[in-house]
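Observations on the three-dimensional arrangement
Read off the chains here:
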Amino acid sequence: MSKKIIILSIFITASIFMSGCIFDKNNGTTGNETKTNISDIIPTTNLPSGITFLAINKDANVDINNNITVKAIEGIYRSNTDDEDVLIDVINTETPEALFNEYKLQYKDANYNPFNETSINGHKATWVKYYITKNGNQIPKFLIVWTTKNSMIKVGGSVDPQKVIDLAAATKS
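Residues numbered from 1 in each chain as written. Predicted model: local features only at pLDDT ≥ 70, side-chain atom pairs only at ≥ 80, totals over all residues. Heavy atoms only, no water.

**A look at the packing of aromatic side chains**
Enumeration according to the criterion identifies six aromatic pairs in this entry. Plain terms: the ring middles of Phe53 and Tyr77 are 5.6 Å apart, the flat faces sit at 65° to each other, and that makes the pair edge-to-face. Taken together, the positions of Phe53 in strand β1 (residues 51-64) and Tyr77 in strand β2 (residues 68-79) put the pair 24 residues apart, joining distant regions of the chain. For Phe53, a relative accessible area of 25% corresponds to the partly exposed category. Among the residues examined, Tyr77 registers a relative accessible area of 0% and is labelled buried. With a centroid separation of 6.0 Å and 70° between ring planes, the pair formed by Tyr103 and Tyr107 is classed as edge-to-face. Accessibility assignment for this pair places Tyr103 and Tyr107 in one class, buried. Chaining the aromatic ring pairs together yields one cluster made of Phe100, Tyr103, Tyr107 and Phe115. (Phe/Tyr/Trp six-rings, centres within 6.5 Å; stacked < 30°, edge-to-face > 60°. Helix = DSSP H or I, 4+ residues; strand = E, 2+ residues; numbered from the N terminus. Buried < 20%, exposed > 50% of the residue type's maximum accessible area, 1.4 Å probe, protein only.)

**Describing the side chain of Ser151**
Looking at the secondary structure, you find Ser151 in strand β7 (residues 151-158). Within the local environment of Ser151, its side chain forms a polar contact with the side chain of Thr148, the two groups lying 2.7 Å apart. (Polar contact = N/O pair within 3.5 Å; in protein donor to acceptor, adjacent residues only side chain to side chain.)

**Brief notes about the nonpolar core**
With 19 residues, the main nonpolar core has Ile42, Ile88, Ile144, Trp146, Val155 and Leu167 as its most contacted residues. Setting aside anything within four residues of it in sequence, one finds Leu167 in contact with Leu47, Pro48, Ile51, Tyr77, Val86, Ile88 and Val155. By size, the runner-up hydrophobic cluster in this structure holds 15 residues, among which are Ile64, Val70, Ile91 and Met152. (Core = buried A, V, L, I, M, F, W, Y, C linked by side-chain atoms within 4.5 Å. Contact = heavy atoms within 4.5 Å.)

**Things to note about helix α4 (residues 161-170)**
Along α4, the residues that are buried comprise Lys163, Val164, Leu167 and Ala168. Seen from one end, α4 has its buried residues packed into an arc of 125°, which puts them on one side. N-capping of α4 is provided by Asp160, with a side-chain oxygen placed 3.0 Å from the backbone N of Gln162. (Arc of directions from axis to C-beta.)

**Some words on helix α3 (residues 96-104)**
All of the buried residues in α3 are Pro96, Leu99, Phe100 and Tyr103. Axial view of α3: buried residues confined to an arc of 100°, hence all on one face.

**Notes on the pairing of strand β6 (residues 137-147)**
By the bridge criterion, nine bridges tie strand β5 (residues 123-134) to β6 in an arrangement that is antiparallel. What sits directly across from Trp127, in β6, is Ile144. Taking the residues between adjacent antiparallel strands as the criterion, β5 and β6 are bridged by two residues, where Asn135 takes a positive phi near 55°. Pairing geometry for β6 and β7, over six bridges, is antiparallel. Note that in β7 the partner of Leu143 across the bridge is Gly156. Counting the residues that bridge the hairpin from β6 to β7 gives three residues. (Pairing = 2+ DSSP bridges.)

Structural data, given as structure tokens:
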């Protein structure tokens, strides 16, 4: 009888150790997901007026400095007033400041200053103004970018800077 108890104890102990190796003890994920709690950053309810949540893309590719593509989790929203998509990109990295510095390099040849410092939810953040061409006209668009301990967060892609501020403020990061 004692051999059965010992074997059963070994089996139970092995099961506990196996589950500890497979699952991340912090958030119950398998390790392939992001370490950032996405529901804390990508809001799906209590959104600013004029913004509708559409989807979360867990396999988004984000271009950094036109030569680096990184994986991100992306919240996709629709601006109801100007019928454009507004995004929240969460890029997990061990070096968020270095990634942000690399991101800023894509604007090195701009003939204007695309960056202005601001604050979002108590974080130091950076406004980014860039231009797209639509019907032959240069149209400004806006982003807010900031870093946390383990991620770079980019909110925007809108012609309306207030929509970007409101959506960025709706994040809990």
